[in-house]
Structures are given as structure tokens and as C-alpha cells.
Amino acid sequence: MISGSVERLELLQCVDQPIVALIEEAMALADKGEMGKIELSMPESFVIITYAETKPLSDCKCEYHDKYMDVQILLEGKEIIGHSLQKPETDHKLKNDVAFIDEVSSENFIELSSNEFAIFPPRELHRPLCKVNDTLKIKKAIVKVPIN
């Protein structure tokens, strides 16, 4: 997991520049008020810009993906995202490139504020949409980057 701010993308020197460009592209779409699933300039990449509601940790599911890197950008609000280096079991069937995990060990948490993001490579467990204090309506952009 790598975290940062869209206002300080120059700090992402360790991240491939096409990924930084996709973050910038997603932010430009969000700034124009775009919503929903939108294809991005990199083949097979897309962003989902949506509103969601944070929930208690116990109501949030831990997930992972096989084919896509997840860039979770918080556009408005506050959110906690859990993450773990636990290796997912290989027998999960991924429908739409997502699987959910019930038991997570060694979970850590990061609190995101507006214009902050977290990047999760394929097969890294993450638990988005956890509330900070109170349930809150948030706006997010989730950039999906294909990894071969």
C-alpha cells in the first residue's frame, strides 16, 4: 500500500508515471463533475466516481483483486481503509475481479481526508469505507489499473 495526496503527486517518484497520469486524469474528470464508470486513456483502465456512505468496521468487507491495481482517491469527506499483507487464499472465485475475505490477520489502518489516496496492488487485502467517527457520505474516485 502506498498513500499520498493528489496535491503532492511529485512525491510519487517510486510509482510508474502512467499511474500518476491516471490519477491526474481521474481528478480532472471529478473536477468536471463526471460520475459513474469512465474509461481512461490507458487501455483497459477506468475510474469509478461515486458517492458512498462509511460504515462501522464490522460492516465493511475486506477485498482483493487479481487483475487490477486499486487507487482509492477520497474526493470529499473522511474514511478509514484497513489493509493487510496477509496472503489471500487461492480458492476464492473472483467475480468482476473482486473477492471478499472474512478473516483478516495483522490488519493496519489508514485515515484518508479529502484529496488523499491509497494504492493497493493486486492481491493486497484492503477494507474501504470504514467510518472515522460518525457515518458520513463521501465522494470517491476508484482508479482501476490493469496489471499483467
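Residues numbered from 1 in each chain as written. Predicted model: local features only at pLDDT ≥ 70, side-chain atom pairs only at ≥ 80, totals over all residues. Heavy atoms only, no water.

Counted by the stated rule, this structure contains five salt bridges. The closest approach of N and O atoms between Arg8 and Glu10, which form a salt bridge, is 2.7 Å. When its relative accessible area of 46% is taken as the criterion, Glu10 is described as partly exposed. Between Lys144 and Asp70 there is a salt bridge, and its shortest N-O distance comes to 2.7 Å. Of this pair, Lys144 sits in strand E11 (residues 137-146) while Asp70 sits in strand E5 (residues 68-76), and the two are 74 residues apart along the sequence. Pair check on accessibility: Lys144 and Asp70 agree, each one buried. (Salt bridge = Lys/Arg side-chain N within 4 Å of Asp/Glu carboxyl O. Buried < 20%, exposed > 50% of the residue type's maximum accessible area, 1.4 Å probe, protein only. Helix = DSSP H or I, 4+ residues; strand = E, 2+ residues; numbered from the N terminus.)

What follows covers the packing of aromatic side chains. Taken as a whole and judged by the stated rule, the model has one aromatic pair. Taking the centre distance of 5.6 Å and the plane angle of 65° together, the rings of Phe46 and Tyr68 count as edge-to-face. In this pair, Phe46 sits in strand E3 (residues 46-53) while Tyr68 sits in strand E5, placing the two residues 22 residues apart along the sequence. Like Tyr68, Phe46 is buried. Seen from the ring of Phe100, Lys61 lies directly overhead, with NZ or CZ sitting 5.3 Å from the centre. (Phe/Tyr/Trp six-rings, centres within 6.5 Å; stacked < 30°, edge-to-face > 60°. Lys NZ or Arg CZ within 6 Å of the ring centre and 35° of its normal.)

In space, the six strands of this open sheet follow the order E1-E9-E5-E11-E3-E2, with antiparallel pairing throughout. With partners counted over all chains shown, the strands left at the sheet margins are strand E1 (2-5) and strand E2 (36-39), one partner each. Each neighbouring strand pair of the sheet contributes to a mean axis angle of 20°, computed without reference to strand direction. Judged from the eight bridges that link them, E5 and E11 form a sheet pairing that is antiparallel. By the bridge assignment, Glu76 is partnered in E11 with Lys139. Relative to the sheet, helix H1 (residues 17-31) contacts E2, E3, E5, strand E9 (116-120) and E11, its axis offset from that of E5 by approximately 40°. (Pairing = 2+ DSSP bridges. Axes fitted to C-alpha atoms, helices over the stretch in contact; angles between N-to-C directions. Contact = heavy atoms within 4.5 Å.)

Formed by 25 residues in total, the largest nonpolar core has its most connected members in Ile23, Val47, Ile49, Val71, Ile73, Phe117 and Val143. For this core, the elements supplying multiple residues, two or more each, are H1, E3, E5, E9 and E11. The greatest single-element share of this core, amounting to eight residues, is contributed by H1. Setting aside its immediate chain neighbours within four residues, Val143 contacts Leu22, Ala26, Leu40, Phe46, Val47, Met69, Asp70, Val71 and Ile73. Ala52, Ile110, Leu112 and Ile138 belong to the second-largest nonpolar core, a separate cluster that totals eight residues. (Core = buried A, V, L, I, M, F, W, Y, C linked by side-chain atoms within 4.5 Å.)

The buried fraction of E5 amounts to eight of the nine residues, a majority that puts the element mostly inside the structure. Examined bridge by bridge, E5 and E9 share five bridges and lie antiparallel to one another. Looking at the pairing, Val71 lines up with Ile119 of E9.

Where the residue is not glycine, phi is negative for most of them; where a peptide bond is considered, it is trans in most cases. Even without being a glycine, Ser106 presents a positive backbone phi close to 50°. Mapped onto the elements, Ser106 comes out in the loop between strand E7 (99-101) and strand E8 (108-113). Backbone geometry at Asn115 places phi at a positive 70°, although glycine is not the residue there. Relative to the helices and strands, Asn115 is located in the loop between E8 and E9. Judged by its relative accessible area of 21%, Asn115 falls in the partly exposed class.

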